[in-house]
Amino acid sequence: MNLNEFKLVKNKQRPGFCYAYEKKTDSRKYSIFTMDGGKTFLASVEEPRMDKRWYSEFSETHNSVQECLDAFGRFNNR
């Protein structure tokens, strides 16, 4: 995965401190989120189930955006 495939979503009250990179496909929602200005990031993946709701399938904390992208790659190749 490449970061330029993601959309940057900034928090309206604290845009430099709390933001996320998001990517949605037909089968998954990918998110890289930080609440501490980029010191740590939460990588998460959601998938839809039979009831059409989205459920968390993967979630890990990392120290950089690149580590999150690498974790998505490992998740996709499982």
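These notes cover the structure that comes with them. (Residues numbered from 1 in each chain as written. Predicted model: local features only at pLDDT ≥ 70, side-chain atom pairs only at ≥ 80, totals over all residues. Heavy atoms only, no water.)

With respect to the helices, strands and loops of the structure, Y19 is situated in strand 2 (residues 19-24). On a C-alpha basis, the gap between Y19 and V9 in space is 5.7 Å, while along the polypeptide they are 10 residues apart. In this structure Y19 touches L8, V9, K10, I32, F33, T34, G37, G38 and F41, once residues within four positions along its chain are discounted. (Helix = DSSP H or I, 4+ residues; strand = E, 2+ residues; numbered from the N terminus. Contact = heavy atoms within 4.5 Å.)

With that out of the way, let us pick up the packing of aromatic side chains. By the definition in use, this model includes 5 aromatic pairs. Between the aromatic rings of Y30 and F72, the centroid separation amounts to 5.1 Å while the plane-to-plane angle is 65°, which identifies the pairing as edge-to-face. Of this pair, Y30 sits in strand 3 (residues 29-34) while F72 sits in helix 1 (residues 65-76); the two residues are 42 residues apart in sequence, bridging distant segments of the chain. Using a relative accessible area of 0% as the deciding quantity, one classes F72 as buried. An aromatic cluster is defined as three or more aromatic residues linked by ring pairs; in this entry it consists of F6, Y30, F58, F72 and F75. Above the ring of Y55, the side-chain terminus of R49 is found at 4.4 Å from the ring centroid. (Phe/Tyr/Trp six-rings, centres within 6.5 Å; stacked < 30°, edge-to-face > 60°. Buried < 20%, exposed > 50% of the residue type's maximum accessible area, 1.4 Å probe, protein only. Lys NZ or Arg CZ within 6 Å of the ring centre and 35° of its normal.)

Our focus in this paragraph is the nonpolar core. Residues F6, I32, F58 and F72 are the most contacted members of the largest nonpolar core, which totals 15 residues. Among the secondary structure elements, those contributing two or more residues to this core are strand 2, strand 3, strand 4 (41-48) and helix 1. For F6, the residues in contact, after removing those within four places along its chain, are M1, Y21, E22, K23, Y30, I32, L69 and F72. (Core = buried A, V, L, I, M, F, W, Y, C linked by side-chain atoms within 4.5 Å.)

With that settled, consider the pattern of salt bridges. In the structure shown here, the tally under the stated rule is 5 salt bridges. Note that E47 and R28 form a salt bridge whose closest N and O atoms lie 2.5 Å from each other. Of this pair, E47 sits in strand 4 while R28 sits in the loop between strand 2 and strand 3; the two residues are 19 residues apart in sequence, bridging distant segments of the chain. Across the pair R74 and E60 runs a salt bridge whose closest N-O atoms are separated by 4.0 Å. Residue R74 is found in helix 1, and its partner E60 is found in strand 5 (residues 54-62); the two are separated by 14 residues along the sequence. Using a relative accessible area of 30% as the deciding quantity, one classes E60 as partly exposed. (Salt bridge = Lys/Arg side-chain N within 4 Å of Asp/Glu carboxyl O.)

Residue position: A43 is located in strand 4. Excluding its chain neighbours within four sequence positions, the residues that come into contact with A43 are S31, F58, S59, E60, H62, C68 and F72.

Any functional reading would require information beyond the geometric quantities listed.
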